[in-house]
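# Structural overview
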Amino acid sequence: MTPPRKLHIKSYGCQMNVYDAQRMVDTLAPEGFVETADPAEADLVILNTCHIREKASEKVFSELGRLRVIKEEAARTGREMKIAVAGCVAQAEGAEITRRASTVDVVVGPQSYHNLPKLLAKARDGAPAIETEFPIEDKFSALPAPKPAAIRARGVSAFVTVQEGCDKFCTFCVVPYTRGMEVSRPVADIVADAKRLAENGVRELTLIGQNVNAYHGDDENGRTSSLGRLLHRLAMLPGIARLRYSTSHPRDVDDSLIEAHRDIPAVMPFVHLPVQSGSDRILAAMNRKHTAADYIRTIERFRKVRPEIAFSSDFIVGFPGESEQDFADTLALVTQIGYAGAYSFKYSPRPGTPAADMQETDTALAVPAAVMDERLAQLQALIDAQQASFNRAAIGRTVEVLFERAAREPGQIVGRTAYLQPAHVMASPDIIGKVLPVTIDSLERYSLKGRLASEETAVASLRSTQRESETFA
Ligand code: SAH
Ligand code: SF4
Ligand code: F3S
């Protein structure tokens, strides 16, 4: 029997890439590949790349420099190592990658992972193998179904792709060019995946997609299902205690999604709803197709049906032409909403996007680097303060925690609250996989410390979780 070949995958970027890494592992397993954490002993290294900002995509080339040395060392000992570049840089730059880094054997775009074995075979002949075709309508069905063993390794919380690609064409963003047009998976396939995950101990599902609430997959009756309807279906599966979804676009929040938050306790009251800017002028230039007031109205629709709901967002500072007033509008929006957390980025011109072209034609539109730094620091300070006060508000409260794993400190178990805050308690590992009430005593940086709520409540809730698990055992 030939010894297994070793595969090392390093992923950058969004959750979609994390999920795709698993898809690649599953695709390569029948070829005899097993995963390794050490690139030095790998027969195949895949860099699963992100193109979203310049910094992210440049990382690839410095990593390739390091890998070239490892590959040459392996060759000296008579071992052949192959290097593949996957993900969004592969899609955007294609053959350019092999021109810049001759050490690369395979370049494969996100729509072509099912062809990895074929591409590797092709690369054996010496010349690099490149495939960055898209769109492929049936890209989801071309992959083998995930194996239960791989699923179990993901613990109590798992991601499931429900749609991929984006047709929104925000003027700053590369995603429509790297991931292609929007494709939604059929409801039945998602339900089958979710069922398998639940049967393997998964309690929390995060439905992922570049624009997840644009979901419009067909159901078993040939009708189009919205994300809200899909959430209803998944909530009925025994064992599934929590449902999340990411990332949403404010324009695609429909009544069915609001109703899902109203009617389904398993749908967590925490929504990542990126707004990017608080200025209507900038929002229009970004092609977001909504105003700041529209966004606030959307937030209010959620809050009306689920008062305890919290939000996070993404922001871009220094978009071409952003004035002091535009930036002040962003700060005002953040102050008005009050976020549980948010990511903020400096605008990064991406080749081929309308905003980058605009700034290139009219260089006066470019926001100077020092101004961008100052705005980013100001915005982050405001967001950090909001996040800290949101986290502090948990102290003294009893909140539900889904326990995930043993923590670093002996005897401690860590889980997450509804708002994804890490929460630590001293307890037996039996609680892993259960949702239990925890009284929060303190906050250390971003992490909550507490104790299982009064024994009576804990026992009662233990019983109810046991009942739930019996139904699918
Ligand atoms: N599909 C999601 C996320 C897209 S990428 C959405 O529509 O919100 C994640 C975040 O990266 C974006 O929300 C945006 O804030 C940021 N981003 C995207 N392109 C960028 C660019 N060119 N420069 C800086 N930040 C960018
Ligand atoms: Fe990019 Fe906009 Fe699509 Fe999000 S909605 S992926 S920011 S184009
Ligand atoms: Fe990056 Fe591609 Fe995701 S550009 S953010 S890896 S969709």
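Residues numbered from 1 in each chain as written. Chains lettered and ligands numbered in written order. Predicted model: local features only at pLDDT ≥ 70, side-chain atom pairs only at ≥ 80, totals over all residues. Heavy atoms only, no water.

Take the overall build of the chain next. A count of helical and extended segments in the chain gives 16 helices and 19 strands. By the compact-globule yardstick of 23 Å for 473 residues, the chain fits well, its C-alpha radius of gyration being 23 Å. On the principal axes, the C-alpha backbone points of the chain span a range of 65 × 65 × 50 Å. Evaluated residue by residue, the chain yields a buried proportion of 53% over its 473 residues. Looking at the chain alone, contacts between residues at least 24 apart form 72% of all its contacts between residues at least 6 apart. Counting only carbon and sulfur atoms, one obtains 53% of the accessible surface of the chain, whose full area is about 21200 Å². (Helix = DSSP H or I, 4+ residues; strand = E, 2+ residues; numbered from the N terminus. Rg over C-alpha atoms; globule rule 2.2 N^0.38 Å. Buried < 20%, exposed > 50% of the residue type's maximum accessible area, 1.4 Å probe, protein only. Contact = heavy atoms within 4.5 Å. Areas by Shrake-Rupley, 256 points an atom, 1.4 Å probe, with all protein chains shown as cover.)

The next thing to look at is the nonpolar core. Core analysis: the largest hydrophobic core is formed by 50 residues, its most contacted members being Leu207, Leu231, Tyr245 and Phe302. Broken down by element, the residue count for this core peaks at six residues, all from helix H8 (residues 187-199). Ignoring sequence-local partners within four residues, the contact set of Leu207 consists of Val160, Val162, Val212, Leu227, Leu230, Leu231, Leu234, Arg244, Tyr245 and Ser246. Counting 20 residues, the second largest nonpolar core, distinct from the first, contains Tyr12, Val45, Leu67 and Val107. (Core = buried A, V, L, I, M, F, W, Y, C linked by side-chain atoms within 4.5 Å.)

Moving on to the site of ligand 3. Surveying the vicinity of ligand 3 reveals the residues Cys14, Asn17, Thr49, Cys50, His51, Ile52, Cys88, Val175, Arg179 and Gln210. Of the residues contributing to the shell around ligand 3, the split by class is five nonpolar, four polar and one charged. Looking at the shell around ligand 3, you find at least three residues from each of domain 1 (5-135) and domain 2 (139-392). (Near = heavy atom within 4 Å. Nonpolar A, V, L, I, M, F, W, Y, C, P; charged D, E, K, R; others polar. Domains from an automatic or database assignment.)

Turning our eyes to something else, we now look at the packing of helix H10 (residues 255-263) against helix H12 (residues 292-305). Taken N-terminus to C-terminus, the directions of H10 and H12 make an angle of 30°; their axes are 8 Å apart at the nearest point. The angle between H10 and H12 places the two elements in the roughly parallel class. Judged by the twist between their axes, the crossing of H10 over H12 is right-handed. Contact residues: Asp255, Leu257, Ile258, His261 and Arg262 in H10; Arg301, Phe302 and Val305 in H12. A per-class count over the contact of H10 with H12 returns four nonpolar, one polar and three charged. (Axes fitted to C-alpha atoms, helices over the stretch in contact; angles between N-to-C directions. Parallel < 35°, antiparallel > 145°, perpendicular 65-115°, else oblique. Left-handed = near helix turned anticlockwise from the far one by under 90°.)

Below, the discussion takes up the confidence of the model for the chain. Confidence in the prediction for the chain averages 91 pLDDT; 91% of positions are at 70 or higher. Between residues 462-473, whose pLDDT stays under 50, and residues either more than four places distant or in other chains, the model counts eleven contacts. (pLDDT = per-residue confidence, 0-100.)

Near ligand 1 you find 15 residues, and of these Arg53, Gln210, Gln276, Asp314 and Ser348 are the closest. Separating an oxygen atom of ligand 1 from a side-chain N or O atom of Gln276 is a distance of 2.6 Å. Contacts to ligand 1 include Asp314, whose side-chain N or O atom sits 2.6 Å from an oxygen atom. Relative to its free-state accessible area of 540 Å², ligand 1 is covered by the protein chains to the extent of 89%. Elements with a minimum of two residues in the shell around ligand 1: strand S13 (310-317) and strand S14 (341-346). Residue composition of the shell around ligand 1, grouped by class: six nonpolar, four polar and five charged. (Polar contact = N/O pair within 3.5 Å; in protein donor to acceptor, adjacent residues only side chain to side chain.)

Moving on to helix H9 (residues 227-235). Among all positions in H9, only Leu227, Gly228, Leu230, Leu231 and Leu234 are buried. Projected onto a plane normal to the axis of H9, the buried residues spread over an arc of 160° and lie on a single side. Where H9 is buried, its residues meet H8, strand S10 (204-208), strand S11 (242-246) and H10. (Arc of directions from axis to C-beta.)

Applying the stated rule across the entire model yields seven aromatic pairs. On the basis of an interplanar angle of 85° and a centroid distance of 6.5 Å, the ring pair of Phe172 and Phe319 is categorised as edge-to-face. With Phe172 in the loop between strand S8 (163-164) and helix H7 (175-178) and Phe319 in the loop between S13 and helix H13 (324-337), this residue pair connects regions lying 147 residues apart in the sequence. Each member of the pair, Phe172 as well as Phe319, carries the same accessibility label: buried. Between the aromatic rings of Phe390 and Tyr419, the centroid separation amounts to 5.1 Å while the plane-to-plane angle is 90°, which identifies the pairing as edge-to-face. Residue Phe390 is found in helix H15 (residues 369-392), and its partner Tyr419 is found in the loop between strand S16 (412-416) and strand S17 (422-426); the two are separated by 29 residues along the sequence. Taken together through their ring pairs, the aromatic side chains of Phe172, Phe319 and Tyr347 make up a single cluster. The ring of Phe345 is capped by Arg53, whose NZ or CZ atom sits 3.6 Å from the centre of that ring. Across from the ring centre of Phe61, 3.6 Å away, lies the NZ or CZ of Arg100, which sits over that ring. (Phe/Tyr/Trp six-rings, centres within 6.5 Å; stacked < 30°, edge-to-face > 60°. Lys NZ or Arg CZ within 6 Å of the ring centre and 35° of its normal.)

With that settled, consider the sheet that holds strand S3 (residues 44-49). Read from one edge to the other, the open sheet built from six strands follows the order S2-S1-S3-S4-S5-S6, with strand pairing classed as parallel. The sheet is open, and its two borders are formed by strand S2 (33-35) and strand S6 (129-131), each paired with just one other strand. Ignoring strand direction, the axes of neighbouring strands in this sheet form an average angle of 20°. Inspection of the sheet shows S3 paired to strand S4 (residues 82-86) by five bridges, in the parallel sense. When the bridges of S4 are listed, Leu44 appears paired with Lys82. Packing against the sheet, helix H1 (residues 15-28) makes contact with strand S1 (5-11), S2, S3 and S4, and its axis sits at approximately 150° to S3. (Pairing = 2+ DSSP bridges.)

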